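Each chain, written out:
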Amino acid sequence: MKRIFALLLTVALALSLMPAAFAASELNGQMSGELNVYYWEEYMNPIMDKIIAQFNETWPDVKVNTTQIPFDQYFVKLQTSLPAGMGPDIFLCNVCNVAYYIDNELIMDLTDLMAESGIDLNNYVTSSVEMYTFDGRTYGFPQFIDCAGLVYNKRLFDEAGVAYPTADWTWDDLLAAAQALTKEGQYGIAVSSNYYPGYRQFTLQAGGSTYDEDLNPSVNTPEYVKGVEFCLDLMYKYNVAPSAAEMEETGLDQMFSSGKVAMMYAGSWSPVTYYESLGDDLGCSVIPKDEKQLALSHACAWVLNSRSSNQTAAWEFTKLLAGEDAALAFASQVIPSYLGTSGQWVSQLPEAVNLQAFIDILSNGMAVPFPACGVHSAALDDILTEEINNIWYQSKTIEQGLADAQAAMEAELAE
């Protein structure tokens, strides 16, 4: 894991420009006026309202406006508004896109501000900090961390007489259970073409990697093929998973929540929502293993607009967002990066649901940081996603789709 981050830092060093570090004395603005905050998750709206109310107890003259933008529009809007000197003062960022904002001097280097404010980054999950640290400088305040796990419907398992998943499950166990759980109107499993938390879990466990040790694309490999092939076999060889067309028509979340699918891979942000539909029939487990027992992990962080007209107020609000109280508030939906608060997330659902499985993945060496390749990450992910969809819809073979993805990703980097 450390090697992956070291390589990512090497890529960051090659970025042409880095935003200057900010000291508290250099911040513009004051503790009044307005702040604009962007994020993409709808569940955050009531949480943000509570945090803003707490902030205004101390700073009543700052009006904080929040804007929730659907994920598929979110980064497009940011990439058009920020360079024009518009957009938010503070926004939530992900690993795939942060290098773009660093490269274009659109976000602040928070390292000196954190030091002056006495902020101890040891209070946060280490990997969530490292994902936003480049050349020893920190550009994001980690808010929450997530990973992929297996979710399943206990009622459907009980009706089929199938034992619940365990940490010892292999792909063979997964397939056998999916076959036993499949019947008319019901699939044993579903596998998404979404890279996270979908098919990449399989390629990762098969020993594949989206990028090699030099951060060059490496999707056209036997290991990557093996992971994708297993997913496709579940759909079209064994017929224990819905086809790409069926998932598009109904929606994977709806299929699982309505009992049309018995199990699937899901991000740690999903069980709280699934519990609303399934109740105590919901169960969670670590991901079954192949060559390795690994799962992707990701973290989101707050970043500050380097062109904000009120950096002083933005910094004060960000400190509150990244504190323990806010972490406990976000624990109603996601795993906070702030250490010591994950138990709040686990305890919100009955113990039998086993949200602890996700914490076990994060803490027991199974989690692998989300693959990123510096400023090119988002563009390369788009290329790969398009070709994986071609494979899922069977408009290309696995070999052709991955070969085309490899070539197009290499061409993108060459440019």
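Worth saying up front: this structure is predicted, and the values here are computed from it rather than measured.

**Here's the deal with the overall build of the chain**
So, step 1. In terms of regular secondary structure, the chain is built from 19 helices and 11 strands.
So, step 2. Scaling as 2.2 N^0.38, a compact globule of 415 residues should have a C-alpha radius of gyration of about 22 Å, and the chain matches this with 22 Å.
So, step 3. Considering only C-alpha atoms, the chain reaches an extent of 65 × 50 × 35 Å along its principal axes.
So, step 4. Taking the contacts inside the chain whose residues are at least 6 apart along the sequence as the reference set, 77% of them involve residues at least 24 apart.
So, step 5. Surface exposure of the chain reaches about 16800 Å², of which carbon and sulfur atoms provide 47%.
So, step 6. Looking at charge distribution, the chain has the averaged site of its 18 positive side-chain charges lying 3 Å from that of its 53 negative ones.

**A word on the side chain of D89**
So, step 1. Take D89: it is sitting in the loop between α3 (71-81) and β3 (90-93).
So, step 2. Only 2.7 Å separates the side chain of D89 from the backbone nitrogen of N36, close enough to count as a polar contact.
So, step 3. Aside from chain neighbours lying at most four places away, what touches D89 is E34, L35, N36, V303, L304, N305, S308, S309, N310 and A314.

**Concerning the pattern of salt bridges**
So, step 1. In total, this model carries nine salt bridges according to the counting rule given.
So, step 2. R200 is paired through a salt bridge with D381; the nearest N and O atoms lie 2.8 Å apart. Placement of the pair is R200 in helix α9 (residues 195-205) and D381 in helix α18 (residues 377-392), with a sequence separation of 181 residues.
So, step 3. The class of R200 is buried, set by a relative accessible area of 2%.
So, step 4. According to the relative accessible area criterion, D381 is buried, its value standing at 3%.

**So, unusual backbone geometry**
So, step 1. Look at the link from Y196 to P197: it is a cis peptide, with omega at 15°.
So, step 2. Its place among the elements puts P197 in helix α9.
So, step 3. Positive phi outside glycine occurs at D135, with the angle close to 50°.
So, step 4. Inspection of the secondary structure assignment puts D135 in the loop between β4 (133-134) and β5 (137-138).
So, step 5. Positive phi, close to 70°, is recorded for N354, a residue that is not glycine.
So, step 6. Structurally, N354 is set in the loop between α16 (342-346) and α17 (356-363).

**Thoughts on the confidence of the model for the chain**
So, step 1. Overall, the prediction assigns the chain a mean pLDDT of 92, with 94% of residues at 70 or greater.
So, step 2. Note on residues 1-18: pLDDT under 50 across the span, and 38 contacts to partners over four residues away in sequence or across chains.

**Describing the pairing of strand β8 (residues 282-285)**
So, step 1. Side chains L282 and C284 project from β8 onto one buried face, and the interleaved G283 and S285 project onto a second face that is buried too.
So, step 2. Pairing geometry for strand β6 (residues 141-153) and β8, over four bridges, is antiparallel. By the bridge assignment, V151 is partnered in β8 with C284.

**Focus on helix α4 (residues 95-103)**
So, step 1. Taken across its nine residues, α4 has nine buried, putting it largely inside the fold.
So, step 2. Listed as buried for α4 are V95, C96, N97, V98, A99, Y100, Y101, I102 and D103.
So, step 3. Buried-residue contacts for α4 involve α3, β3, β4, β9 (295-304) and α18.
So, step 4. E105, located one to two residues past α4, shows a positive phi value of around 55°.

**Here's the deal with the packing of aromatic side chains**
So, step 1. Across all of its chains, the model carries 26 aromatic pairs by this definition.
So, step 2. Ring geometry for Y124 against F141: centres 6.0 Å apart, planes inclined by 55°, an arrangement best described as tilted. Of this pair, Y124 sits in the loop between α5 (111-116) and α6 (126-130) while F141 sits in strand β6; the two residues are 17 residues apart in sequence, bridging distant segments of the chain.
So, step 3. Counting every residue linked through ring pairs, the aromatic cluster contains W40, F71, Y74 and F75.

**Considerations on the pairing of β9**
So, step 1. Most of β9 is tucked away: 10 of the 10 residues are buried.
So, step 2. Residues A295, S297, A299, A301 and V303 of β9 are buried on one face, and the alternating residues L296, H298, C300, W302 and L304, pointing to the opposite face, are buried as well.
So, step 3. In this sheet, β9 lies alongside β3 in antiparallel orientation, the contact comprising four bridges. Considered in β9, the bridge of I90 is made with L304.
So, step 4. Across six bridges, β6 lies against β9 in antiparallel orientation. By the bridge assignment for β9, P142 is matched with A301.
So, step 5. Where β9 and strand β11 (residues 367-369) come together, three bridges link them in parallel fashion. The residue bridging L296 from the neighbouring strand is V368, located in β11.

**What about the nonpolar core?**
So, step 1. In terms of nonpolar packing, the biggest core is built from 147 residues, with F91, Y101, M263, W302, F317 and W392 touching the most fellow members.
So, step 2. If near-sequence neighbours (up to four positions away) are discounted, F91 is found in contact with Y38, Y74, L78, L82, Y101, I107, A301, W302 and V303.

**Topic: helix α8 (residues 171-181)**
So, step 1. Burial in α8 covers these residues: W171, L174, L175, A177, A178 and L181. Relative to the axis of α8, the buried residues are bounded by an arc of 165° and lie together on one face.
So, step 2. As for α8, its buried residues are in contact with β6, α7 (154-160), α9, α10 (222-237) and β7 (263-267).

**A short note on the environment of A326**
So, step 1. On the secondary structure map, A326 appears in helix α15 (residues 324-330).
So, step 2. For the pair A326 and Q143, spaced 183 residues apart in sequence, the C-alpha separation works out to 8.6 Å.
So, step 3. Apart from residues lying up to four places away in sequence, A326 is in contact with I51, Q143, L320 and L321.

What counts, and where the lines are drawn
- Residues numbered from 1 in each chain as written.
- Predicted model: local features only at pLDDT ≥ 70, side-chain atom pairs only at ≥ 80, totals over all residues.
- Heavy atoms only, no water.
- Helix = DSSP H or I, 4+ residues; strand = E, 2+ residues; numbered from the N terminus.
- Rg over C-alpha atoms; globule rule 2.2 N^0.38 Å.
- Contact = heavy atoms within 4.5 Å.
- Areas by Shrake-Rupley, 256 points an atom, 1.4 Å probe, with all protein chains shown as cover.
- Lys, Arg positive; Asp, Glu negative; His and termini not counted.
- Charge placed at Lys NZ, Arg CZ, Asp CG, Glu CD.
- Polar contact = N/O pair within 3.5 Å; in protein donor to acceptor, adjacent residues only side chain to side chain.
- Salt bridge = Lys/Arg side-chain N within 4 Å of Asp/Glu carboxyl O.
- Buried < 20%, exposed > 50% of the residue type's maximum accessible area, 1.4 Å probe, protein only.
- pLDDT = per-residue confidence, 0-100.
- Pairing = 2+ DSSP bridges.
- Phe/Tyr/Trp six-rings, centres within 6.5 Å; stacked < 30°, edge-to-face > 60°.
- Core = buried A, V, L, I, M, F, W, Y, C linked by side-chain atoms within 4.5 Å.
- Arc of directions from axis to C-beta.

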